[in-house]
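Summary of structural features
Here is how the chains run, residue by residue.
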Amino acid sequence: MKEFVLRTKITQFSTVEEFAQSLELTGQDLILTSQFLTAALQVPQFADVPRMIAEDYGRGEPTDRQIDAMRRDLPQNVRRLIAVGGGTIIDIAKFLTLDYPGTLDDCLIENDEFIQGRELIVVPTTCGTGSEVTNVAITELTKRKTKKGLADDRLYPAQAVLIPQLIRSLPYQVFATSSIDALIHAVESFLSPQATVYSQLFSTAAIRLILSDYQKTAANGKESWCEQAEDFLLASNYAGIAFGNAGCAAVHALSYPLGGVYHIPHGEANQLLFEAVCRKYEQLEPEGRLTDLKHLLSEILQVPADQSLDALFTLMNTILKRRPLCEYGIRRDELEGFADSVIEGQQRLLKNNCVPLSKADMLAIYESIYNQ
């Protein structure tokens, strides 16, 4: 059996103030955001709403220790979180909606029972996460030096709010890494054996939008991306709907050790693996599900199908140049350990591979991008 689920209400607003005016705010609301976004939230309606700033508890992508500390400081009367931010903010907010015994590490490893204690409204401020419509949250488990995901229906936000105004001022690097993450979400869900005709509607729409706008950005200069800000935000949302149903796969699984050990930003880590994973799929199963992707890319990029993957990777490198693993300080003798940790901890993702990958395949993928 396959099913398609969309449990989050999606709304669009032109401005933050318009969104704030739509809310019936109470003393049980709390805004979770980052320091960078505080100025954007200076609207009269939010003046008296208490806030938590993620950077007060730690910087970078979310960790279990950061979330545990924020959970201890969360006012007991809060019944609704309004999360305004990128993937880090959204993942933290999802975990903060839950009540559970002990530490987050204990609960994720022991598979303890979670209780949904608060409602969540998400306002994404990057064009990559798609997490505003999914039931997945990711955190680094600090003492284990890896990332761990939780997929639980209690993590679905009640409402996702799209405000293109909030992403137009993103630094180019953040735009590039986040939009590439959205593209990989869309491709992995398109290829997934869990895909349905409904999820593929959204993954296909996301791929079309992102690649068409990448071509415009490549032609008109890097800073022109913001002219398509609404497209990129919608594409990220479409990709979130797609992978929320069909799942992500080996690219994300193999990237987690890079983020957990070397703190490489999530979208950038995914791009490091993306081409190598696709090439491995092509090598192992030349006439498999990748064929459908090649025909879609051929249509969008206006190249022959047998050249479409090359065209895709060239375009992505124009948006964000991929670097070899060795430039991040990663040692070659760590690669086997990375593969082992993926096999041990990322079966949730590996089951969505369009072609099964052995440990030897995973190690070969890491090896292929170590110096290239």
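Source: prediction; values computed, not measured.

Looking at the packing of aromatic side chains
Counted by the stated rule, this structure contains 14 aromatic pairs. Relative to Tyr 366, the ring of Phe 338 lies with its centre 5.8 Å away and its plane at 65 degrees, an arrangement referred to as edge-to-face. Within this pair, whereas Phe 338 is found in helix α12 (residues 335-345), its partner Tyr 366 is found in helix α14 (residues 359-368), the two being separated by 28 residues in sequence. In this structure Phe 338 comes out as buried when scored by relative accessible area, which is 5%. The exposure class assigned to Tyr 366 is buried, which follows from its relative accessible area of 0%. Connected via pairs of aromatic rings, a cluster forms that spans Tyr 172, Phe 175, Tyr 214, Trp 225 and Phe 232. Looking at Arg 71, its charged tip hangs above the ring of Tyr 100, at a distance of 3.8 Å from the centre.

Let's talk about the packing of helix α10 (residues 290-301) against helix α11 (residues 308-319)
Direction vectors running N to C along α10 and α11 enclose 65 degrees, while the axes themselves pass 8 Å from each other. Here the hand of the crossing between α10 and α11 comes out left-handed. Touching Leu 290, Leu 293, Lys 294, Leu 297, Ser 298 and Leu 301 of α10 are Ser 308, Leu 309, Ala 311, Leu 312 and Leu 315, all from α11.

Let's talk about helix α2 (residues 64-73)
Every buried residue of α2 is listed here: Asp 64, Gln 66, Ile 67, Asp 68, Ala 69 and Met 70. Looking at the buried side of α2, the elements it contacts are β2 (29-33), β3 (51-53), α3 (87-96), α4 (104-110) and β8 (136-141).

How each quantity is defined
Residues numbered from 1 in each chain as written. Predicted model: local features only at pLDDT ≥ 70, side-chain atom pairs only at ≥ 80, totals over all residues. Heavy atoms only, no water. Phe/Tyr/Trp six-rings, centres within 6.5 Å; stacked < 30°, edge-to-face > 60°. Helix = DSSP H or I, 4+ residues; strand = E, 2+ residues; numbered from the N terminus. Buried < 20%, exposed > 50% of the residue type's maximum accessible area, 1.4 Å probe, protein only. Lys NZ or Arg CZ within 6 Å of the ring centre and 35° of its normal. Axes fitted to C-alpha atoms, helices over the stretch in contact; angles between N-to-C directions. Left-handed = near helix turned anticlockwise from the far one by under 90°. Contact = heavy atoms within 4.5 Å.

By themselves these figures say nothing about function.
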